[in-house]
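# Observations on the model geometry
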Amino acid sequence: MTGLKNFYINKKHKGWLKLLIGTIIFIIVVFILGLLTTSIKNYFYAFSAPIQKTFWFAGGSSSKFLGSFFRVGSIVNENENLQRQNQDLLSQVAFLQSIEEANRAQSDVSTSCQNSEFNLMMAGVIGLDEGDILSINKGSTDGIAEGMPVVNQQNILFGKVLKVYKNFSKIMLISSKDSVINIKVQQQVPADNTDSVPEIDGVVKGGGGLSAYLDLIPVSDNINSQDVLITSAIEKSFPKDLLVGKITKIDKDDQKPFQQAQIDLFFNVKTTDNLFVITNYKQAN
Amino acid sequence: MWKKILSIIFLFYLFALLQSSFFSHFDLFGAVPNLVFILFFIVVFFEEKTNNYFIIVSAIMAGIFLDISSYTIIGPSIILLTVIGLLLKKFQLLLKNTGDSHPFVYFLPLFAVSFLIYNFSKELYLYFVDSSRIAVHFGFPEIFLLIYNALVASILFFVYRKFINYTSNGKDL
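Scope of this entry: the structure provided in the associated data block.

Scoring rules and cut-offs
- Residues numbered from 1 in each chain as written.
- Chains lettered and ligands numbered in written order.
- Predicted model: local features only at pLDDT ≥ 70, side-chain atom pairs only at ≥ 80, totals over all residues.
- Pairing = 2+ DSSP bridges.
- Helix = DSSP H or I, 4+ residues; strand = E, 2+ residues; numbered from the N terminus.
- Axes fitted to C-alpha atoms, helices over the stretch in contact; angles between N-to-C directions.
- Contact = placed C-beta atoms within 7 Å.
- Nonpolar A, V, L, I, M, F, W, Y, C, P; charged D, E, K, R; others polar.
- Core = buried A, V, L, I, M, F, W, Y, C linked by C-beta atoms within 7 Å.
- Buried ≥ 20, exposed ≤ 12 C-beta atoms within 10 Å, placed from the backbone.
- Expected span 1.5 Å × (residues − 1).

It is worth spelling out the sheet that holds strand S4 (residues 157-164) of chain A at this point. Residue and element names in this part refer to chain A. Spatially, S1-S2-S5-S4-S3-S12 is the arrangement adopted by the six strands of the closed barrel, whose pairing is antiparallel. Sheet twist, expressed as the mean angle between neighbouring strand axes with direction ignored, is 45°. As judged from the two bridges shared by strand S3 (residues 149-151) and strand S12 (residues 274-278), these two strands associate in the antiparallel manner. Bridging from a neighbouring strand, Val150 pairs with Val277 of S12.

What follows is about the pairing of strand S6 (residues 180-186) of chain A. Residues and elements named next belong to chain A. Note: S6 against strand S7 (residues 200-208), six bridges, orientation antiparallel. By the bridge assignment for S7, Asn182 is matched with Val203. As judged from the four bridges shared by S6 and strand S9 (residues 228-231), these two strands associate in the antiparallel manner. Bridge pairing in S9 links Gln186 to Val228.

Right, let's talk about the interface of chain A and chain B for a bit. Each partner contributes to the interface: chain A provides 36 residues, whereas chain B provides 31 residues. Contributions of two or more residues to the side of chain A that touches chain B are made by helix H1 (2-35), helix H2 (37-70), strand S1 (120-129), strand S2 (133-136), S4 and strand S5 (169-173) of chain A. For the side of chain A that touches chain B, a count of residues per class yields 15 nonpolar, 13 polar and eight charged.

As a further point, take unusual backbone geometry. Residue and element names in this part refer to chain A. Residues other than glycine seldom take positive phi values, yet Gln226 does so here, at roughly 80°. Structurally, Gln226 is set in the loop between strand S8 (211-218) and S9. Its identity as a non-glycine residue notwithstanding, Asp241 has a phi of 65°, on the positive side. Tracing the backbone through its elements, the reader meets Asp241 in the loop between S9 and strand S10 (243-251).

Turning next to the nonpolar core. Residues A:Ile171, B:Val36 and B:Phe40 are the most contacted members of the largest nonpolar core, which totals 86 residues. In terms of residue count, helix H2 (residues 35-46) of chain B provides more of this core than any other element does, eleven residues in total. Excluding residues within four positions of it along the chain, A:Ile171 makes contact with A:Ile133, A:Leu134, A:Ile136, A:Val150, A:Phe158, A:Gly159, A:Lys160, A:Val161 and A:Leu162.

Bringing helix H3 (residues 52-69) of chain B into the picture now. The end-to-end C-alpha separation of H3(B) is 26 Å, in line with the 26 Å expected for 18 residues at 1.5 Å each. Counting buried positions over the 18 residues of H3(B) gives 13, a clear majority of the element.

Structure (structure tokens):
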């Protein structure tokens, strides 16, 4: 009877011992994987980048093809809006042509200064992960570092480099919920208005899911739908005057000190294949 | 057994690639299906016995691919999936047996709870560990994400069940 009891206790201890050893091995495995994170991620992307790029293109083409069936109604509306906007723009163009002549020389100089000021590194988009994090196929060996701004060829701001690995990097898009940037509202001025327009500063906060919203605009400031948002001179992480988005719907409540607005970001990740990393922008902080 | 593990690893790899590239173009209000998590959950759900080794191996592989896609170190998803996988199996043993050994009425609530636990725990982890995180994000978009993922998981549930029935009628994988 005693022998049987001992046998039972030993068996029970054996079970606990197995569990303990198993847990220790598991913790060691997780710890080693954690230490090797950079290498594993780098090998994974180096090996998978061509396949991932193919899937990225295939997804883009399929989504465009399928989307055209579902978005017939919205395309008609979009076309009407574009025609209306085009007419407005034509009238503004006529007015601005006279001013343009005077400003051309100065703007040419500042444009060339801006272009020569920044070194741009082209990188291919290879994937979009949860939390609005984009993967690009350039890394530390190409001179990419954390915090560098990322734009496209039209100077539309995408975000900044969040993590850098040897051969690829992760970009935090400005639509990420952890993104907050200082912006300036460029108001749409009627063609016949010659008064100077006061500058309005605010912030664009990421809303997740490739969306963002405008916040911290004093309720006394007058903003309008279709006003364009550009990066402000007080923004530390990005150069000024990069295109961010435009206002679509204003949420104004006189009881609150600040007004918010829904915005359409200018970037379109799904149709973007290549981006540019500004490699020599000196961050103020 | 090895054949099964290798097949699952290949599927995790394929789903991880599809998730971050192909399916990024098919978002609904910004929500994208977490295919790796869905596959892990379905594999564990349909695992007949309390085969803890298989659950842990699956959790390690799925966790590696999930953490590669994120910008954290490799590890948090492995631990979370292991805990979720083992708890799921224990919980399944407590549920009342019906005629169907893997009923859909059990699958959907268990999936929803597990998905919420995984996402919320990862948010908490990122908030406390990652300096770029400024807040814990958990609200309406996450609920929508759950609904979208539950929809995709439901489709894959029936596909996997058909596949299981097909292989059990023939030879075991």
